[in-house]
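Spelled out, the chains give:
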Amino acid sequence: MQIKGKTLFAGILISLSFLFAGCVSVDSRTEAARIASAAGLNSENIPTRSSVIATWGRFTPPVKSMRVYIEGDGFAWKSRTQPSDDPTPHLPTGLKLAAADPEQNVLYLARPCQFIGPPLPATCQVNWWTNDRFSAVVIDAMNEALDVFVSRYPGVKLDMVGYSGGGNIAALLAARRHDIQSLRTVAGNLDVAWVNTLHNVTPMPNAISARDSAVKLRTLPQIHYSGDADKTVPVDVARRFQQAVGGNCVRVEVVSGMTHSSDWAAIWPQLLKNPFPGC
């Protein structure tokens, strides 16, 4: 299915690492706080056994369902070979999606050590946002942070949304949990090894890919949005994942004119109105 969208800019960027980093802003933390505050999202940092997860959320009891957003990889690399000292995204697309959501109950989870500090605590080791950003330890940390909020609202059902690498984590959490009722990804890196090979970047031996757990999501309603101008995570990634999931509950929607770093939040309220496929 192909639908029309709008984009602020397009173009071919030179490497996967720069594309995942986003666009430079003067003060990423201040801008993120402004975005969150304008949307009524409150900040809370959640310690886990391995790292600290920054979150923003708004909730109106009784909370029966909650839309959960997971951020992309952020500023993981300064260059193809030099990791960043701080993974905080300069363009927090996941946060902007959460802020654009009109639902009453919205939770945003940053990735480990994003928006923490400065200075970063000693637990924030560079491998958490580089080679091990999809490792079991990181997935466990994200799950721990999510559990903190679920424990506050017994019986709550979760609608997962993930941007870029956050799409991989959202899908992996959906595959392991029993309280998730839907999944959406935006430019989701759902096939980590394949994308790394596509861009000729170093493999990540400890990475867990959502595609390897796709069969567990066969009965979960889900939509995966891909931009037809996305050179970072091309449409084929979502289609490969759809094939691996199988069944009738998964759909790929191709949005015309959108790149990986386009303003997805500008069209997100419209995309949220699209119904899930019938299972």
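Note that the structure is predicted; figures quoted are calculated from it, not measured.

Below, the discussion takes up the environment of V161. Relative to the helices and strands, V161 is located in strand β6 (residues 157–163). Given the relative accessible area of 1%, V161 is considered buried. In this structure the C-alpha to C-alpha distance between V161 and N248, which are 87 residues apart in sequence, comes to 19 Å. Setting aside chain neighbours within four positions, we find V161 in contact with R67, V68, Y69, I70, A170, R184 and W268.

In this section: the nonpolar core. Nonpolar side chains in soluble globular proteins tend to end up buried together. Counting 48 residues, the largest nonpolar core has L146, L158 and M160 as its most contacted members. When residues of this core are traced back to their parent elements, those giving at least two are β4 (65–70), β5 (106–109), α4 (136–150), β6, α5 (165–176), β7 (180–186), α6 (192–198) and α7 (235–245). Apart from residues no more than four positions distant in its own chain, L158 is found in contact with M66, V68, L146, V150, R177, D179, I180, Q181 and S182. Core analysis: the second largest hydrophobic core is formed by 31 residues, I35, W56, Y69 and L272 among them.

We now examine the side chain of T93. Relative to the assigned elements, T93 resides in helix α3 (residues 93–100). In this structure T93 touches E71, Y163 and W264, once residues within four positions along its chain are discounted.

One can find A136 in helix α4. Judged by its relative accessible area of 39%, A136 falls in the partly exposed class. Dropping the residues within four chain positions of it, A136 is found in contact with N206 and I208.

This part covers the packing of aromatic side chains. For the structure shown, the criterion picks out six aromatic pairs. With a centroid separation of 5.9 Å and 40° between ring planes, the pair formed by W56 and Y108 is classed as tilted. Note that W56 is positioned in strand β3 (residues 52–58) and Y108 in strand β5, a separation of 52 residues in sequence. Judged by its relative accessible area of 0%, Y108 falls in the buried class. Relative to W268, the ring of Y69 lies with its centre 6.4 Å away and its plane at 75°, an arrangement referred to as edge-to-face.

With that settled, consider helix α8 (residues 264–272). The α-helix advances 3.6 residues per turn, and as a result positions three or four apart in sequence lie on the same side. Within α8, the full set of buried residues consists of W264, A265, I267, W268, L271 and L272. Down the axis of α8, the smallest arc covering the buried residues is 160°, so these residues share one side.

Take the confidence of the model for the protein next. A residue-level look at the protein finds 91% of positions with pLDDT of 70 or above and a mean pLDDT of 90. Confidence drops under a pLDDT of 50 for residues 1–26, and excluding neighbours within four residues, the segment shows 70 contacts in the predicted structure.

Thresholds, definitions, all that
- Residues numbered from 1 in each chain as written.
- Predicted model: local features only at pLDDT ≥ 70, side-chain atom pairs only at ≥ 80, totals over all residues.
- Heavy atoms only, no water.
- Helix = DSSP H or I, 4+ residues; strand = E, 2+ residues; numbered from the N terminus.
- Buried < 20%, exposed > 50% of the residue type's maximum accessible area, 1.4 Å probe, protein only.
- Contact = heavy atoms within 4.5 Å.
- Core = buried A, V, L, I, M, F, W, Y, C linked by side-chain atoms within 4.5 Å.
- Phe/Tyr/Trp six-rings, centres within 6.5 Å; stacked < 30°, edge-to-face > 60°.
- Arc of directions from axis to C-beta.
- pLDDT = per-residue confidence, 0-100.

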